Amino acid sequence: MKKRVLSGMRPTGPLHLGHLLGALDNWRLMQETHECFFMVADLHALMGEYENPALIRQNSIEMVIDWLACGIDPKKSSIFIQSQIPEHAELALILGMLTPLGWLERNPTYKEQLREIEGRDLTTFGFLGYPVLQAADILLYKAHQVPVGEDQLSHLELTREIVRRFKFLYKKDVFPEPEALLTKQARILGLDRRKMSKSYGNAVNLSDSEEVFNKKISSMITDPARVKLTDPGHPDQCNVYSYTQIFADAGKVKEVYDWCTAAKKGCTDCKKELASVMNHGRIREIREKRMTFAKDEALVRDILREGEKKASEVAKKTMAEVKELLHLVAD
Ligand code: TRP
Ligand code: SF4
C-alpha cells in the first residue's frame, strides 16, 4: 500500500521559479511513490483576504494551471479546491472543540504573522484557527506525510498534538500522526539576490511570457567587479551564473565560467545565453504546457471535478467515522 500524502498552497498570486524548484518538483516526484492529494487552500487564502476576496477564484484556477504545467498529473494525483469539499469546514469545526486556546495562541507562526502582516486586521477567530483548518485538511485524508516548507512545521506539530488529544479523548485510533517532509528551500534566488518572493517584486513567474522573462533576465545584477568587458569576473558572485548552473547543462556551465573568468565575453551576452537556454529547455516546456491549459478552462474544470470526486469519497468516509464516534449521528 502506498503511503498517502496531502499538501496544499494558498492561491494568493502567480507561482514562480522558487515554487517550481522548491515545492512542485518535490510534489512531482512524490506522485511516483505515494498516493497524492494536492489542494488549493482557498479557505486559508480567505483568512488573509476576507476584506478583498475578488481574486481568490481566478488565482485558484491559475495556480492549478501552474501545477499542471509543472508536471502535477491528474492521472496520478487528486487535485482539488478546498472549499468545494465541505467536510474540511466540518472537521475543522469539530477539531476546534477539542483544541485548547493556548495551543493556538502560542503558535509561533501566528504570533509572527500578527506582528508582520501590515494593512489588514488579522485579529479574527478564523486567523487564530488557521492551523486547526490545516489539521482538518490533513486528517480528513488520513495523510501519512505532508511535504511543507519550514514555516509550516509548527502547524504540523499542532496537527500531531490534535491527533494525540483526539485519541486520548475518544480512545480510538482514527488518524495516523502525520509526518512533515521538509521541503528544502529552493537554491534559486530572486532577481536581486534576495529570497525569491512575490512581495519583493524579484520573482520570475511561471506565467511570464518569453518577452517579460527576457526583460527580467537582462535586468539582473551581475558581478559588480566586472565593469568593463576586459575585467575578469567572479561567476560565484553572480546571480546570472547561479541561474546558469541550475538550468544549463554541465558543458554550458563550464563555458560560461571560462569566458567570465578570462574576460572573453561580456555580461550582456552571458544573459542572452542564459535566456536562450531557459527559453529552450524545461521552462519552455512548462510555458507551452501552461498555455495549452490556460486556453482550455473546461479541461481544467474537468480535472478539478475528477479530483474533487476522489477527495470527496475519502472525506465523506472519514467524516462518517468521526461523527459516529462523537455521537453526532441520529440513531
Ligand atoms: N498553510 C499552508 C501554506 O500557507 C497551506 C496549507 C493549507 C497546507 N492546508 C494545508 C499545507 C495542508 C499542507 C497541508 O503554505
Ligand atoms: Fe555573471 Fe556572466 Fe557577467 Fe560573469 S559574464 S559576471 S557570469 S553575467
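See the structure shown above.
Residues numbered from 1 in each chain as written. Chains lettered and ligands numbered in written order. Predicted model: local features only at pLDDT ≥ 70, side-chain atom pairs only at ≥ 80, totals over all residues. Heavy atoms only, no water.

Enquirer: What is the right way to look at the site of ligand 2 in this model?
Expert: Surveying the vicinity of ligand 2 reveals the residues Thr222, Asp223, Arg226, Cys238, Val240, Tyr241, Cys260, Cys267 and Cys270. Because more than half of its atoms lie within 2 Å of the grid, ligand 2 is assigned to the largest cavity. Going through the elements one at a time, helix H11 (239–247) and helix H13 (267–280) are the ones with two or more residues in the shell around ligand 2. Here the residues of the shell around ligand 2 sort into six nonpolar, one polar and two charged. (Near = heavy atom within 4 Å. 1 Å grid on protein atoms, 1.4 Å probe; cavity = no way out; pocket = protein on both sides within 12 Å on 5 of 7 lines; lining within 4 Å. Sits in = over half its atoms within 2 Å of the grid points. Helix = DSSP H or I, 4+ residues; strand = E, 2+ residues; numbered from the N terminus. Nonpolar A, V, L, I, M, F, W, Y, C, P; charged D, E, K, R; others polar.)

Enquirer: Would you explain the packing of aromatic side chains in this entry?
Expert: What characterises a pair of aromatic rings is the spacing of the ring centres plus the angle enclosed by the ring planes. Tallying each qualifying case throughout the model produces nine aromatic pairs. Ring centres of Phe80 and Tyr141 lie 5.5 Å apart, and the angle between their planes is 45 degrees; this geometry places the pair in the tilted category. Residue Phe80 is found in strand E3 (residues 77–81), and its partner Tyr141 is found in the loop between helix H8 (130–140) and strand E4 (145–148); the two are separated by 61 residues along the sequence. Here the two residues Phe80 and Tyr141 agree in accessibility, since each one is buried. Plain terms: the ring middles of Tyr110 and Phe127 are 5.9 Å apart, the flat faces sit at 35 degrees to each other, and that makes the pair tilted. (Phe/Tyr/Trp six-rings, centres within 6.5 Å; stacked < 30°, edge-to-face > 60°. Buried < 20%, exposed > 50% of the residue type's maximum accessible area, 1.4 Å probe, protein only.)

Enquirer: In this structure, what is going on with the environment of Phe247? I would like to understand it.
Expert: Inspection of the secondary structure assignment puts Phe247 in helix H11. Classification of Phe247 by relative accessible area gives buried; the value is 18%. Expressed as a C-alpha distance, the spacing of Phe247 and Ile303, which sit 56 residues apart in the sequence, is 30 Å. If we skip the residues at most four places from it in the chain, Phe247 touches Leu17, Leu21, Ile188, Val277, Met278 and Ile283. (Contact = heavy atoms within 4.5 Å.)

Enquirer: Hey, could you run me through the pattern of salt bridges in this one?
Expert: Close approach of charged atoms lets side chains of opposite charge pair. Tallied over the full model, the rule gives 28 salt bridges. Arg290 is the salt-bridge partner of Glu62, the closest N and O atoms lying 2.8 Å from each other. Of this pair, Glu62 sits in helix H3 (residues 56–69) while Arg290 sits in helix H14 (residues 282–295); the two residues are 228 residues apart in sequence, bridging distant segments of the chain. With a relative accessible area of 29%, Glu62 lands in the partly exposed category. A relative accessible area of 8% places Arg290 in the buried class. In this structure, the salt-bridge partner of Glu273 is Lys252, at a minimum N-O distance of 2.7 Å. Of this pair, Glu273 sits in helix H13 while Lys252 sits in helix H12 (residues 250–261), and the two are 21 residues apart along the sequence. Glu273 gets classed as partly exposed once you look at its relative accessible area, which sits at 22%. (Salt bridge = Lys/Arg side-chain N within 4 Å of Asp/Glu carboxyl O.)

Enquirer: What is the right way to look at empty space enclosed by the protein in this model?
Expert: Which parts of space are left empty comes out when a probe the size of a water molecule is rolled across the atoms. Scanning all chains against the criterion turns up four cavities of 30 Å³ or more. In this model, the largest cavity occupies a volume close to 110 Å³. The wall of the largest cavity is formed by 15 residues, among which Arg226, Cys238, Cys260, Cys267 and Cys270 lie closest to the centre. Those elements that place two or more of their residues in the lining of the largest cavity are H11, H12 and H13. When grouped by side-chain class, the residues that make up the lining of the largest cavity number nine nonpolar, two polar and four charged. Leu17, Val204, Asn205, Leu206, Asp208, Phe213, Ile283, Ile286 and Arg287 together form the lining of the second largest cavity. Looking at the lining of the second largest cavity, the element that brings in the most residues is H14, giving three residues. Residues that form the lining of the second largest cavity fall into these classes: six nonpolar, one polar and two charged. (Points joined across faces, edges and corners; volume = space filled by probe spheres on them.)

So far we have only geometry, and geometry alone does not tell us how the molecule works.
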